[in-house]
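These are the residues of each chain, in order.
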Amino acid sequence: MSLAEKTRPAEKPRATGRERKRQREPRITDEHGRRIRVWELALRYLLLLGVLALTIGPFLWQLSTSLKGPTEDIFSSPPKFLPSDPTLHNYERVADTIPVWDYALNSLKVAAANVVTNCVGAGLAGYALARLRYRGRRVATLVFILTMLVPVEGIIIAQFTTMRELGLNNTLVGVLLPGCVSALNVLLMRNAFLNLPYEIEEAAFVDGANVWQRFCRIALPAVKGTLAVVAIFAFMGAWDDFLWPLIVLSDPSRFTLTIGLNYLHGTFANDERLVAAGTIIAVAPLIILFACLQRYFFRGVGEGAVKG
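Every value quoted in this text rests on a predicted model; they were computed, and no experiment measured them.

So, how was this worked out
Residues numbered from 1 in each chain as written. Predicted model: local features only at pLDDT ≥ 70, side-chain atom pairs only at ≥ 80, totals over all residues. Heavy atoms only, no water. Phe/Tyr/Trp six-rings, centres within 6.5 Å; stacked < 30°, edge-to-face > 60°. Helix = DSSP H or I, 4+ residues; strand = E, 2+ residues; numbered from the N terminus. Buried < 20%, exposed > 50% of the residue type's maximum accessible area, 1.4 Å probe, protein only. Lys NZ or Arg CZ within 6 Å of the ring centre and 35° of its normal. Arc of directions from axis to C-beta.

(A) Up close: the packing of aromatic side chains. Inspection of the entire model under this criterion finds 7 aromatic pairs. Measuring from ring centre to ring centre gives 6.2 Å for Phe193 and Phe215, while their planes differ by 55°; the resulting arrangement is tilted. Note that Phe193 is positioned in helix α9 (residues 183-194) and Phe215 in helix α11 (residues 211-222), a separation of 22 residues in sequence. With respect to class, Phe193 is no different from Phe215; both count as buried. What links up through ring pairs into an aromatic cluster is the set Tyr127, Phe193, Trp212 and Phe215. Between the NZ or CZ atom of Arg131 and the centre of the ring of Tyr198, over which it lies, the distance is 4.1 Å.

(B) Spatial organisation of unusual backbone geometry. In this model, Asn170 sits at a positive phi of 65°, which is unusual for a non-glycine residue. Overall, Asn170 belongs to the buried group, its relative accessible area being 18%.

(C) Seen up close, helix α4 (residues 89-97). Every buried residue belonging to α4 is among Asn90, Tyr91 and Val94, and all of these are buried. Within α4, the buried residues cover an arc of 105° as seen down the axis, which keeps them to one side.

On their own, these measurements won't tell you what the molecule is for.
Okay, here's the thing in structure tokens:
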């Protein structure tokens with residue numbers, strides 16, 4: 001055998017027609033590099049479209065109904081999502097029927113205060129549970145977890161009695177106070193602080209930083225995403241709350257938006273266009289808030305994930 005034959009690399013076996021066809025096909029993989037079959041991918045997209053229709057469909061139907069004129073049939077078969085003659089007159093009628101903007105202002109006051117109290121209170125409590133060393137820390141964490149298991153309906157009478165004894169009945173402060181710090185938000189902040197490396201705060205401690213400085217300058221800026229999650233949850237909880245403001249408030253001038261819109265259902269139950277317009281007015285601030293904070297929201301879900 002010649003030297004050239006010895007040094008010549010071995011020829012690879014020719015690929016069959018089926019293997020060449022498989023190599024030419026586009027390879028679809030998941031985040032772990034595993035191949036996904038076409039029918040599996042199609043099934044995933046069908047499930048996503050089904051979930052999207054269930055979640056977005058009712059909102060689109062309400063939006064379409066609110067834009068339809070009085071002569072257009074809203075119960076046509078098959079249903080029509082696009083109004084033939086869109087109008088904003090239904091929103092004007094809502095403002096003429098009830099003081100919707102005064103109710104929205106009351107809800108905004110409660111929701112904004114709820115965001116501030118939850119961000120501050122949950123941040124402080126979460127940092128204390130995650131970073132400070134003291135006796136009974138595990139018991140305190142367990143108490144917050146057990147608090148989430150208690151249904152609101154089981155303690156609502158005690159809450160009402162407490163607000164009445166404090167003289168806060170029929171006030172916006174009475175609406176705010178029971179939910180000013182949520183146990184879920186405290187646990188979210190605790191888990192976010194637990195994910196921070198201890199070495200960063202140890203370096204700040206060596207440099208002479210006290211607890212407040214480490215909390216305000218190091219820990220809190222590092223969990224801005226979780227703070228956005230807490231802010232969204234707090235705003236949504238206060239804005240959408242119906243039962244507790246209905247029990248506490250009796251003066252119509254202090255009604256929140258959810259209670260005020262109830263008049264549309266009771267007095268004008270047959271006018272679905274009016275009810276749909278009021279629903280869109282109530283949902284619009286939540287959509288705007290989430291659109292502004294969605295980048296921080298998805299990052300904060302990972303920061304505040306449950307840590308085993």
